[in-house]
Amino acid sequence: SACNTSTDQKSNTPKPSADTTKFNPNRTLAREKAKRDQPYSKESAYRYIETSPETNMWAAMVKSSKWAKDAVNGAYTILTPTNEVLKAWDPAKMKIVRDPVNHQKEIDNLIGNHIILTPITVEKMGDIKEVETISGKKLKVQSLVLTNRA
């Protein structure tokens, strides 16, 4: 019979084929992970901010909040200050960034007010007058400053 294995002479057990065209789930998973971890991943809003060097501080705060699962798995808009903006916060406010465990309520409130329930494209952002956040708060949009990555 035609078989794509050979036999180990010492133990008389079949050895796997060296055929490299076969599906290898480990190789596929590693390739997918590498793609997800590329800077500016477009897998989700959360993956984008997590893999962006300009916003990874905010991503760490999102991850430590009670909204983490929602942000990672949901189709939301996440309003994200850059690391530069966060570093310019007054020292009292920066305590929550540096020590999220002892400031859980503040982190949850802050992050909850920065996740909008609806996915919004950059083109539609300017037309929005009010948004509802994941924490249930309604925010009026007064001005909009966007940075765009090509």
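Above: the structure in question.
Brief notes about the packing of aromatic side chains
Alright, step 1. Taken as a whole, this structure holds 0 aromatic pairs when the rule is applied.
Alright, step 2. Lying over the aromatic face of Trp89, Lys93 brings its terminal NZ or CZ to 4.4 Å of the ring centre.

Comments concerning the side chain of Arg47
Alright, step 1. In this structure, Arg47 sits in helix H2 (residues 45-51).
Alright, step 2. In this structure the side chain of Arg47 is engaged in a polar contact, spanning 2.2 Å, whose partner is the side chain of Glu50.

Quick notes on helix H6 (residues 91-98)
Alright, step 1. The set of residues buried in H6 consists of Met94, Ile96 and Val97. For H6, the buried positions fall inside an angular range of 145 degrees around the axis, keeping them on one side. Turned more than 90 degrees from where H6 packs its buried face, Pro91, Ala92, Lys95 and Arg98 sit exposed.
Alright, step 2. Of the residues that open H6, the one with a side-chain oxygen 3.1 Å from the backbone nitrogen of Ala92 is Asp90.

Section: the pattern of salt bridges
Alright, step 1. Taken as a whole and assessed by the stated rule, the structure comprises 2 salt bridges.
Alright, step 2. Residues Glu50 and Arg47 are paired through a salt bridge, measuring 2.2 Å at the closest nitrogen-oxygen approach. Taken together, the residues span about one helical turn, with Glu50 and Arg47 both in helix H2 at a distance of 3 residues.
Alright, step 3. Residue class for Glu50 comes out partly exposed when judged on its relative accessible area of 26%.
Alright, step 4. Assessed through its relative accessible area of 12%, Arg47 is described here as buried.
Alright, step 5. With a shortest N-O distance of 3.9 Å, Lys140 and Glu130 are connected by a salt bridge. Of the two residues, Lys140 is situated in strand S6 (residues 138-140) and Glu130 in strand S5 (residues 130-132); the sequence distance between them amounts to 10 residues.

Remarks on the packing of helix H3 (residues 56-64) against helix H7 (residues 104-112)
Alright, step 1. Where H3 contacts H7, the axes come no closer than 9 Å and their chain directions differ by 110 degrees. Looking at the two axes, H3 sits roughly perpendicular to H7. For the pair H3 and H7, the crossing hand works out as left-handed. The segment H3 lies against H7, with Trp58, Met61, Val62 and Ser64 engaging Gln104, Ile107, Leu110 and Ile111.
Alright, step 2. For the contact of H3 with H7, the class distribution of residues is 6 nonpolar, 2 polar and no charged.

Digging into the nonpolar core
In a soluble, globular protein the nonpolar side chains are often hidden away together inside.
Alright, step 1. With 20 residues, the main nonpolar core has Trp58, Met61, Trp89 and Ile111 as its most contacted residues.
Alright, step 2. Contributing elements (two or more residues each) for this core: H2, H3, H6 and H7.
Alright, step 3. Among the elements that take part in this core, H3 stands out by supplying 5 residues, more than any other.
Alright, step 4. Beyond its immediate chain neighbours, meaning those up to four positions away, Trp89 contacts Trp58, Met61, Met94, Ile96, Val97 and Leu110.

The rules behind the values
Residues numbered from 1 in each chain as written. Predicted model: local features only at pLDDT ≥ 70, side-chain atom pairs only at ≥ 80, totals over all residues. Heavy atoms only, no water. Phe/Tyr/Trp six-rings, centres within 6.5 Å; stacked < 30°, edge-to-face > 60°. Lys NZ or Arg CZ within 6 Å of the ring centre and 35° of its normal. Helix = DSSP H or I, 4+ residues; strand = E, 2+ residues; numbered from the N terminus. Polar contact = N/O pair within 3.5 Å; in protein donor to acceptor, adjacent residues only side chain to side chain. Buried < 20%, exposed > 50% of the residue type's maximum accessible area, 1.4 Å probe, protein only. Arc of directions from axis to C-beta. Salt bridge = Lys/Arg side-chain N within 4 Å of Asp/Glu carboxyl O. Axes fitted to C-alpha atoms, helices over the stretch in contact; angles between N-to-C directions. Parallel < 35°, antiparallel > 145°, perpendicular 65-115°, else oblique. Left-handed = near helix turned anticlockwise from the far one by under 90°. Contact = heavy atoms within 4.5 Å. Nonpolar A, V, L, I, M, F, W, Y, C, P; charged D, E, K, R; others polar. Core = buried A, V, L, I, M, F, W, Y, C linked by side-chain atoms within 4.5 Å.

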